[in-house]
Amino acid sequence: MDNRAEVREFLMSRRAKITPERVGLPAIGNRRVPGLRRSEVAILAGLSVEYYSRLERGAIRGASTSVLDALASALMLNDTERSHLVDLARAADGIPTSGRHRRPTSPARPPHETLQWVLDSIRDSVAFVRNDVQDIVAINELGRAFYSPIIGDGGRTPNLARFQFLDPASRDFYPDWDLFAQMCVAIIRNAAGKDPHHRGIQDLVGELSTQSETFRELWAAHDVRTHGAGTKRFNHPIVGELSLAYEELSVTAEKGLALYIYTAEPGSESHQKLQLLASWNKPQIDSVPVSEERN
């Protein structure tokens, strides 16, 4: 990934999203492109037009914190977008958060053993750990039943992004497929900004860009986001539609991993369906009659 191109396209895409009316500027003259002009962003940020134009061409190296803050405010960036801008600037300075060197591609490996114990102790909710490349690297028993359309019969490491864009079954599993697709790409874009030299992310983006037109279009939008918390709808092939609340928790012991928990409101229909799915997934153990005591 070319950092200068990334900076240029991100700033241009944010500028295109803001109308003069939103920032209290008069809409004067014909506008050939949507959003603010460079000169208007420069005024809002308190920068010279020449300096802002250099920044938007990708020359962000050496930009101070105050300049980045002013730029973020002028472009009305949210917290995730602000962090992404800072990550891009750090990468341009040669100090990306993960180090300077490109990471080699390596197979997804399971996290430390005790983290799997934690997952296994969660019985009434879906719980799993994923890495920055969207691989599911660890999952609990209910999670295996819930994500059975993604996990399949084994083999290749289950990957949420590949399932989203390359497997037709995802359109059945995700009733709000378009929303899920936007979220998936924005999360990958955010991870890429933090570590532009991450070869695994580069390879994933290259693979999906080659095989999915939708991914290419969403990637070009330069939207970024974190997962956080919220509610999602799913359509499971065994129990039907569920509405689940989710929480994202950082795994501080291992960089790049996050723990996700999906649960349902107690007593709700979705809660009952989760319980049904847990029962369906539980291995059936044949009862063995106690033998008579031998004489």
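The structure presented is a predicted model; accordingly, all values stated were derived computationally and were not measured.

### Points about the packing of aromatic side chains
Here the structure, examined in full by the defined rule, presents 19 aromatic pairs. We note R189 situated over the ring of W219; from NZ or CZ to the ring centre the distance is 3.7 Å. A cation over an aromatic ring shows up here: K232 above the ring of Y246, its NZ or CZ 4.9 Å from the ring centre.

### Quick notes on the pattern of salt bridges
Note that side chains of opposite charge can pair when their charged atoms are close. Under the definition given, this model contains 13 salt bridges. Salt-bridge contacts for R90 lead to D87; the nearest nitrogen and oxygen are separated by 3.9 Å. Within this pair, R90 and its partner D87 are both found in helix α5 (residues 79-92), separated by three residues, close to a single helical turn. Take R90: its relative accessible area is 38%, and that puts it in the partly exposed class. Between E207 and R162 there is a salt bridge, with the nearest N and O atoms lying 3.0 Å from each other. With E207 in helix α12 (residues 199-211) and R162 in helix α9 (residues 160-166), the pair connects residues that are 45 residues apart, well separated along the chain. Taken individually, E207 and R162 each receive the classification buried, so the pair is uniform in this respect.

### Observations regarding empty space enclosed by the protein
Taken as a whole and assessed by the stated rule, the structure comprises two cavities of 30 Å³ or more. Forming the boundary of the largest cavity are 17 residues, of which Q134, L160, Y174, H227 and K232 lie nearest the centre. Breaking the lining of the largest cavity down by element, the ones donating at least two residues are β1 (126-130), α9, α11 (177-194), β3 (229-236) and β5 (258-263). Among the elements that line the lining of the largest cavity, the one with the most residues is α11, at four residues. Its residues assigned to classes, the lining of the largest cavity comprises 12 nonpolar, three polar and two charged.

### Remarks on a positive patch on the surface
Taken together, R4, R8, R54 and R57 make up a surface patch of like positive charges. For R57, the position within the fold is in the loop between α3 (49-56) and α4 (65-74). A relative accessible area of 49% places R57 in the partly exposed class.

### A word on the sheet that holds strand β4 (residues 240-250)
Strand order in this open sheet of five strands is β2-β1-β5-β4-β3, and the pairing throughout is antiparallel. The sheet terminates laterally at β2 (136-139) and β3, the two strands that pair on one side only. Across the sheet, the mean angle separating the axes of adjacent strands is 30 degrees when strand polarity is ignored. As judged from the three bridges shared by β1 and β2, these two strands associate in the antiparallel manner. Across the sheet, the residue bridging to V129 is A138, located in β2. Contacts from α11 reach β1, β3 and β4, with the element oriented near 130 degrees to β3.

### Brief notes about unusual backbone geometry
Peptide bonds are trans in most cases, and residues, glycine excluded, mostly fall at negative phi. With a phi close to 55 degrees, M76 is a non-glycine residue in the positive phi region. With respect to the secondary-structure elements, M76 resides in the loop between α4 and α5. Of note, Q134 is a non-glycine position whose phi angle comes to about 75 degrees, a positive value. One can find Q134 in the loop between β1 and β2.

Cut-offs and rules
Residues numbered from 1 in each chain as written. Predicted model: local features only at pLDDT ≥ 70, side-chain atom pairs only at ≥ 80, totals over all residues. Heavy atoms only, no water. Phe/Tyr/Trp six-rings, centres within 6.5 Å; stacked < 30°, edge-to-face > 60°. Lys NZ or Arg CZ within 6 Å of the ring centre and 35° of its normal. Salt bridge = Lys/Arg side-chain N within 4 Å of Asp/Glu carboxyl O. Helix = DSSP H or I, 4+ residues; strand = E, 2+ residues; numbered from the N terminus. Buried < 20%, exposed > 50% of the residue type's maximum accessible area, 1.4 Å probe, protein only. 1 Å grid on protein atoms, 1.4 Å probe; cavity = no way out; pocket = protein on both sides within 12 Å on 5 of 7 lines; lining within 4 Å. Points joined across faces, edges and corners; volume = space filled by probe spheres on them. Nonpolar A, V, L, I, M, F, W, Y, C, P; charged D, E, K, R; others polar. Patch = residues over 30% accessible without salt bridge, like charges linked within 9 Å, V, L, I, M, F, W, Y side chains within 5 Å. Areas by Shrake-Rupley, 256 points an atom, 1.4 Å probe, with all protein chains shown as cover. Lys, Arg positive; Asp, Glu negative; His and termini not counted. Charge placed at Lys NZ, Arg CZ, Asp CG, Glu CD. Pairing = 2+ DSSP bridges. Axes fitted to C-alpha atoms, helices over the stretch in contact; angles between N-to-C directions. Contact = heavy atoms within 4.5 Å.

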